[in-house]
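A structural walkthrough
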Amino acid sequence: MGNMKKANYIISVIMLLVGVGVVALASSLKIKIGEGDPGAGFWPMMLGILIIVFSVCLLISTIKNKEKLEAKTFTISTPANIRVYILFGIIVLFCVVLYFLGFYIGALLFIPALMYLMEVRSVKKIALTTIITLAAVYILFGMLLNISLPAPIFMR
């Protein structure tokens, strides 16, 4: 158990660093303002800036309401919080699998894992949802829009 003031300070600093990291990485990508296509770096840059802005807002709000927040407590290990931590871990694993094995294999593992975490236990529902989702993504992005999604590292 901890108080909200301390947690807000920690989260705002961590997210501020994440935002700065996103902006730094996005700055290496092209941004073209006013040419129709904003470029690959536009949305990551906007996301990084928003993370920084919201981190600063949380910091300012915590400073303004520190007495109130000091009295509030929270528990980090509730079942709902643990589920969120597991979800975060699954997302991180998806990103790693996405890099090495590509989108389709990553999604083939990610969708069932996510559904299982959300307490879907019907194998039929999990299989159908996974197959329909992957087929829809392939048809929409691969065939209609002709956009290639990340391929496995051994096919690049």
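Along every chain, residues carry numbers that run from 1 in the direction the sequence is written. Side-chain atom pairs in this predicted model are given and counted only at pLDDT of 80 or more, local residue features only at pLDDT of at least 70, and totals for whole chains, interfaces and linings cover all residues. Where side-chain values are given, they derive from all heavy atoms of the structure, hydrogens and water being excluded.

Some remarks on the UniProt feature "domain: DUF1468" (unreviewed entry) in the chain
Stated precisely, the cut-off is as follows: UniProt positions are given in the numbering used here, feature names are shortened, and annotations may be inferred rather than shown by experiment. Only DSSP runs of H or I with at least four residues qualify as helices, and only runs of E with at least two residues qualify as strands; both kinds are numbered from the N terminus onward.
Mapped onto this numbering, the UniProt entry annotates "domain: DUF1468" (unreviewed entry) at residues 10-150. Across residues 10-150 one finds 75% helix and 1% strand; the C-alpha atoms that close the span lie 34 Å apart.

What to know about the nonpolar core
Condition: For the purposes of this section, nonpolar cores are sets of buried Ala, Val, Leu, Ile, Met, Phe, Trp, Tyr and Cys residues that join through side-chain atoms within 4.5 Å. Accessibility here uses a 1.4 Å probe with only protein chains present; expressed as a share of the type maximum, an area under 20% marks a residue as buried, one over 50% as exposed, and anything in between as partly exposed.
By size, the foremost hydrophobic cluster in this structure holds eleven residues: Ile90, Phe94, Phe103, Ala107, Phe110, Ile111, Met115, Leu117, Ile126, Leu134 and Val137. Sorting the residues of this core by element identifies α4 (79-101), α5 (103-117) and α6 (123-144) as the ones contributing at least two each. Per-element tally for this core: the top contributor is α5, with six residues.

Some remarks on the packing of α5 against α6
In a packed pair of helices, the relevant descriptors are the angle between the two axes and the axis-to-axis distance. Rules: Axis definition: a line fitted to C-alpha atoms, limited for helices to the stretch in contact. Angles are taken between N-to-C directions and run from 0 to 180 degrees. The handedness criterion is simple: a crossing whose near helix is rotated anticlockwise from the far helix by less than a right angle is left-handed, and one whose near helix is rotated clockwise is right-handed. In what follows, a contact means two residues having at least one pair of non-hydrogen atoms within 4.5 Å. In the scheme used here, Gly and all other residues not listed as nonpolar or charged are polar, with Ala, Val, Leu, Ile, Met, Phe, Trp, Tyr, Cys and Pro taken as nonpolar and Asp, Glu, Lys and Arg as charged.
Closest axis-to-axis distance for the α5/α6 pair is 10 Å, and the angle between their directions is 145 degrees. For the pair α5 and α6, the sense of crossing is right-handed. Contacts between α5 and α6 involve Phe103, Tyr104, Ala107, Leu108, Ile111, Pro112 and Met115 on the former and, on the latter, Lys125, Ile126, Thr129, Thr130, Thr133, Leu134, Val137 and Tyr138. Looking at the contact of α5 with α6 residue by residue, the classes come out as eleven nonpolar, three polar and one charged.

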